[in-house]
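Close look at the chain arrangement
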Amino acid sequence: MDRLDSEGDLEAAVAWLVAVEPRFAGVVERHGLPSLRRTQPGLGSLLRIVTDQLISLKAGEAIWARIERALPVFEAEAVLALPQESLKALGLSTAKARTFHAVARAFSAGGLDRELPQEEHFRRLTAIPGIGPWTAHVYLLTACRAADAWPAADLALRKAAFNLFARDAVPGSTEMTALAAPWRPRRAAAALLLWSHYRGLKGLPQA
């Protein structure tokens, strides 16, 4: 798949996006190039994204710290050896505990190679019970560095788009998909810019 592997890749993608959508230029002027938000591909990274679903950053960090103490090595067999009740005791919901095991089984079976085409990798990820489009796209963007990953349902992206593009209301995921159509195949860089804009709106340090 096409990837955002380096600062040079990001600079080129941002320059292309600014030509397509000039309002992105203001984000770069205020905050500079966004962070690539890179993580390592693999089981641990996907489990971290699952952990963080639909909860605050602070809560996610606290739960993840307990998980790291219980699982010093993120290997499929080690995750599967922890009963779901033990995972729940670490702070995971019942649904997330089930997803942990489903993800571990998928990694144990193989077939989640970083080099897969993005569409096929997305299909295999979302075939795992508990892995939806948002989780798959965030994993593809941060761990696989897919150049066209686009987590359209992400609330921060939606709020940033509402502000930057002066929308009448916060767009939903369907609207976000339509909005980003002209940015293909560089939607991952657009997501990074919008996350940067959101942090600026909230007065947060850039990631």
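Coordinates for the structure precede this section.
This text gives an overview of the structure that appears in the document. A quick note: this is a predicted structure, and the numbers were derived from the prediction, not measured.

Glancing now at unusual backbone geometry. Cis geometry marks the peptide bond from R184 to P185, where omega comes out at 5°. Structurally, P185 is set in the loop between α11 (173-179) and α12 (187-201). For R37, which is not glycine, the phi torsion reads 55° and is therefore positive. Judged by relative accessible area, R37 falls into the partly exposed class, the value being 26%. You will see that L54, though not glycine, has its phi angle at about 60°, which is positive. The residue L54 is located in the loop between α3 (43-52) and α4 (57-70) in this model. Its relative accessible area of 91% is what places L54 among the exposed residues.

With that settled, the discussion passes to helix α2 (residues 24-31). Burial in α2 covers these residues: F24, A25, G26 and V27. Of the surrounding secondary structure, the elements contacted by the buried residues of α2 are α1 (7-20), α10 (155-164) and α12. Downstream of α2 by one or two residues, G32 has phi in the positive range, about 75°.

Going through the model one piece at a time under the given rule, you end up with 12 salt bridges. Salt-bridge contacts for R114 lead to D5; the nearest nitrogen and oxygen are separated by 3.0 Å. Placement of the pair is R114 in the loop between α7 (94-109) and α8 (118-126) and D5 in the segment before α1, with a sequence separation of 109 residues. Among the salt bridges present, the one from E175 reaches R167, with a minimum N-O distance of 3.7 Å. When its relative accessible area of 30% is taken as the criterion, R167 is described as partly exposed. Connected through shared salt-bridge partners, R3, D5, R114, E115 and R145 make up one network.

Here is what the cut-offs are and how they apply
- Residues numbered from 1 in each chain as written.
- Predicted model: local features only at pLDDT ≥ 70, side-chain atom pairs only at ≥ 80, totals over all residues.
- Heavy atoms only, no water.
- Helix = DSSP H or I, 4+ residues; strand = E, 2+ residues; numbered from the N terminus.
- Buried < 20%, exposed > 50% of the residue type's maximum accessible area, 1.4 Å probe, protein only.
- Contact = heavy atoms within 4.5 Å.
- Salt bridge = Lys/Arg side-chain N within 4 Å of Asp/Glu carboxyl O.

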